[in-house]
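# Secondary and tertiary structure notes
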Amino acid sequence: MSHGPRSGLAAVSSALLAMSRHLEVRDVLKTIVASARELLDAQYAALGVPDDHGGFAQFVVDGVSDEQWKAIGPLPRQHGILAAMLHEATPERLADVREDPRFGGWPSAHPDLVDFLGLPIRDGDEIIGALFLANKLCPDAEGDAPTPKREGTCGFTQDDEELLGILAQHAAIALTNARLYERSRELTIAEERSRLAHELHDAVSQKLFSLRLTAQAAAALVDRDPARAKGELQQVAALAAEAADELRAAVVELRPAALEEDGLVATLRTQIHVLDRAHAARVTFTGHGVKALPAAQEEAMLRVAQEALHNALRHSGAAHVDVTLHRRGTGAVLRVTDDGGGFEPRSVRRAGRHLGLVSMRDRANGTGGRLTVQSAPGKGTTIEMEVPGG
């Protein structure tokens, strides 16, 4: 290994911490590959996650420019050395990959690989990926900067293989956690959509049913009592407007949040602007110097804001709902305040009606944050969520 014991330990620690810091699968894959290449002084590194059709669902590289990667062409198939990693579950350390009988060549734009080290990434008995390194960077005799291996010089060692094995074990944990997080998020989104669909059905169906009955009453009164018929028609117009409000609000919540593209502040501002137009209550938003937060924290804050706004606009009778988001240390604080009827939090818990408070607390706790609720009958409600940042 090219690192001394102390610097080597620090490098391993940094690599493991970096892998555990991400929750998105793609980010975890990129971090694993970059960490492996840096840790073992390799010129190239790659990580492939297999699909069920003889190819790769994802294939991440490090050490290859975007232009080179585009010129190489389609993702590789599971054949040759790559297939060995995925099906035989044994490490491969080769002095010259081109001399291996399983070598089948590569596209013309592909970089030239010589020495090779590959390990499967396993979750129990399942192989969930394969990690590859090529072209060990070795210092010359004078101790100058590392350069790619040349014919007949050094390559990957047994120590390198053991170190990559440790990294692969932790990579399996990080990748499995990221997959579980994404599945959990998908289930959460599905549950949110199901809840909104039920709400939309109940609210709009009731409005449309009332609208239909009122219209029928107006039609029956047109000839014998025009004044009352006029009143019923005015009620029809009011019910139609309420139904339209319900539909607009539901559409806003059903639209996928644009967190990845726009960030938390812009996404909240957009949604609150639409809610302000869709409801009779005044809905305002102010953001103060919030920097980008980890993706999981931004999503949790958005969901808590949506739940709190839902409660305030549908149940509290508020005339004004104010949402603020401001920086606190490296993290952020979200506050949703309404001037509605308020409630007694302990009575709500005893009655088994949580108003979404349990799910909001779970979201806050799940990202290392905390949630506080202040409310009293006739005093409005303030819900505050704080997250630590990254």
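Description of the structure in this document. (Residues numbered from 1 in each chain as written. Predicted model: local features only at pLDDT ≥ 70, side-chain atom pairs only at ≥ 80, totals over all residues. Heavy atoms only, no water.)

### Examining the sheet that holds strand β9 (residues 331-338)
Ordered by their spatial adjacency, five strands build an open sheet running β7-β8-β9-β11-β10, and the pairing between neighbours is mixed. Looking along the sheet, the strands with just one partner apiece sit at the ends: β7 (282-288) and β10 (370-375). The sheet shows a mean angle of 10 degrees between the axes of neighbouring strands, direction not considered. Bridge count for β7 against strand β8 (residues 320-328) is seven bridges, and the pairing is parallel. Directly across from F285, in β8, lies its bridge partner V323. Relative to the sheet, helix α10 (residues 357-366) contacts β10 and β11 (381-387), its axis offset from that of β10 by approximately 145 degrees. (Pairing = 2+ DSSP bridges. Helix = DSSP H or I, 4+ residues; strand = E, 2+ residues; numbered from the N terminus. Axes fitted to C-alpha atoms, helices over the stretch in contact; angles between N-to-C directions. Contact = heavy atoms within 4.5 Å.)

### Focus: the side chain of S375
Along the polypeptide, S375 turns up in strand β10. Residue S375 is classed as buried on the basis of its relative accessible area, which comes to 16%. Among the polar contacts listed, one links the side chain of S375 to the side chain of T381, at a separation of 2.8 Å. Sequence-distant contacts of S375, defined by excluding residues within four places in its chain, comprise G342, F343, P345, G380 and T381. (Buried < 20%, exposed > 50% of the residue type's maximum accessible area, 1.4 Å probe, protein only. Polar contact = N/O pair within 3.5 Å; in protein donor to acceptor, adjacent residues only side chain to side chain.)

### What about a negative patch on the surface?
There is a patch of like negative charges on the surface, built from D27, E260, E261 and D262. If one sorts the elements of the negative patch by residue count, helix α7 (residues 259-278) sits on top with three residues. Relative to the helices and strands, D262 resides in helix α7. In this structure D262 comes out as partly exposed when scored by relative accessible area, which is 49%. (Patch = residues over 30% accessible without salt bridge, like charges linked within 9 Å, V, L, I, M, F, W, Y side chains within 5 Å. Areas by Shrake-Rupley, 256 points an atom, 1.4 Å probe, with all protein chains shown as cover. Salt bridge = Lys/Arg side-chain N within 4 Å of Asp/Glu carboxyl O. Lys, Arg positive; Asp, Glu negative; His and termini not counted. Charge placed at Lys NZ, Arg CZ, Asp CG, Glu CD.)

### Regarding the packing of α7 against helix α8 (residues 295-315)
Running from N to C, α7 and α8 point in directions that differ by 5 degrees, and their axes come no closer than 10 Å. If you check the angle between α7 and α8, you find them roughly parallel. Facing α7, whose interface residues are L259, G263, L264, T267, L268, Q271, I272 and L275, α8 presents E298, E299, M301, L302, A305, Q306, L309 and L313. Of the residues assigned to the contact of α7 with α8, the class counts are ten nonpolar, four polar and two charged. (Parallel < 35°, antiparallel > 145°, perpendicular 65-115°, else oblique. Nonpolar A, V, L, I, M, F, W, Y, C, P; charged D, E, K, R; others polar.)

### A look at the packing of aromatic side chains
Tallied over the entire structure, the rule returns five aromatic pairs. Ring geometry for F56 and F59: centres 5.2 Å apart, planes at 70 degrees, overall edge-to-face. Judged by relative accessible area, which is 6%, F56 ranks as buried. Among the aromatic side chains, those forming a connected cluster through ring pairs are F56, F59, W69, F116 and F132. (Phe/Tyr/Trp six-rings, centres within 6.5 Å; stacked < 30°, edge-to-face > 60°.)

### A word on the environment of H170
Looking at where H170 falls in the secondary structure, it is placed in helix α5 (residues 158-221). With 154 residues separating them in the primary sequence, H170 and L16 have C-alpha atoms 7.0 Å apart.

### What to know about the pattern of salt bridges
Using the criterion set out here, one finds eleven salt bridges in the structure. A salt bridge links K136 to D160; the nearest nitrogen and oxygen atoms lie 3.1 Å apart. Highlighted residues: K136 in strand β5 (residues 126-138) and D160 in helix α5, separated in sequence by 24 residues. Exposure remark for K136: the relative accessible area of 6% places this residue in the buried category. Judged by relative accessible area, which is 1%, D160 ranks as buried. A salt bridge links R335 to E384; the nearest nitrogen and oxygen atoms lie 2.6 Å apart. Remark: E384 occurs in strand β11 and R335 occurs in strand β9; sequence separation between them is 49 residues. Within the structure, one salt-bridge network assembled from shared partners comprises E92, D100 and R102.

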